[in-house]
Amino acid sequence: QVQLVESGGGVVQAGGSLRLSCAASARTFSTYAMGWFRQAPGQEREFVVCITWTNGATYVADSAKGRFTISRDNAKNTVYLQMNSLKPEDTAVYYCAAAYRGTWSRRESDYDYWGQGTQVTVSS
């Protein structure tokens, strides 16, 4: 069983930045593809960005391109989401997810473990 704990959420003004962190309990963290998803009030959860476990390649949703960056530090068992130029529509609960030896995927069903989420609120 892998536990994921997100942190770094908060309230920020439009145009500002936040960095989210997700700490994983997995001993073999380096063999997990990691993803970030988000869920806004009244909406379904949606994919934001993911990073592979093989070569660190990333895949970014159109809504986040040019503004959000995912990175990982395998030595710290942590994945990060750097969010710049935030907009009010980025307001959501952000979840990290892990897929053991997973593919480069935007599908929730491809991920094995999920964190509890961290709230991000962007004020206009």
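Scroll up to find the structure this text is about.
Below is a summary of the structure that appears in this document. What you see is a predicted model; the values in this text were computed from it and never measured. (Residues numbered from 1 in each chain as written. Predicted model: local features only at pLDDT ≥ 70, side-chain atom pairs only at ≥ 80, totals over all residues. Heavy atoms only, no water.)

1. Remarks on the overall build of the protein chain
From N to C terminus, the protein chain includes zero helices and eleven strands. Secondary structure elements in the protein chain, listed N-terminal to C-terminal, are β-β-β-β-β-β-β-β-β-β-β. Since a compact globule built from 124 residues should have a radius of gyration of about 14 Å, the 13 Å found for the protein chain is in line with a globular shape. For the C-alpha atoms alone, the extent of the protein chain along its principal axes is close to 40 × 25 × 25 Å. Counting all 124 residues of the protein chain, 47% fall into the buried class. Carbon and sulfur atoms form 44% of the exposed surface of the protein chain, whose accessible area is close to 6,400 Å². Here the protein chain contributes 12 positive and 10 negative side-chain charges, whose respective centroids are spaced 7 Å apart. (Helix = DSSP H or I, 4+ residues; strand = E, 2+ residues; numbered from the N terminus. Rg over C-alpha atoms; globule rule 2.2 N^0.38 Å. Buried < 20%, exposed > 50% of the residue type's maximum accessible area, 1.4 Å probe, protein only. Areas by Shrake-Rupley, 256 points an atom, 1.4 Å probe, with all protein chains shown as cover. Lys, Arg positive; Asp, Glu negative; His and termini not counted. Charge placed at Lys NZ, Arg CZ, Asp CG, Glu CD.)

2. Let's talk about the packing of aromatic side chains
Counted according to the given criterion, the structure contains seven aromatic pairs. Of the aromatic side chains, those joined through ring pairs into one cluster are Phe37, Phe47, Tyr59, Tyr111 and Trp114. One residue, Arg45, lies across the ring of Tyr95, its end atom 4.8 Å from the ring centre. For the cation-ring pair, Arg72 lies above Phe29, with the distance from its terminal atom to the ring centre recorded as 4.6 Å. (Phe/Tyr/Trp six-rings, centres within 6.5 Å; stacked < 30°, edge-to-face > 60°. Lys NZ or Arg CZ within 6 Å of the ring centre and 35° of its normal.)

3. Here we look at the pattern of salt bridges
If you walk through the whole model with that rule in mind, you get six salt bridges. Across the pair Glu108 and Arg45 runs a salt bridge, and its minimum N-O distance is 3.1 Å. Highlighted residues: Glu108 in the loop between β9 (92-100) and β10 (113-114) and Arg45 in the loop between β4 (32-39) and β5 (46-51), separated in sequence by 63 residues. Glu108 sits in the partly exposed class, given a relative accessible area of 30%. The exposure class assigned to Arg45 is partly exposed, which follows from its relative accessible area of 25%. (Salt bridge = Lys/Arg side-chain N within 4 Å of Asp/Glu carboxyl O.)

4. Quick notes on unusual backbone geometry
If you check the backbone angles, Asn77 has positive phi at about 50° while not being a glycine. Topologically, Asn77 is positioned in the loop between β7 (68-73) and β8 (78-83). Asn77 sits in the buried class, given a relative accessible area of 19%. In this structure, Arg101 is a non-glycine residue whose phi angle is positive, near 45°. Position of Arg101 relative to the elements: it lies in the loop between β9 and β10. On the accessibility criterion, Arg101 (48% relative accessible area) is partly exposed.

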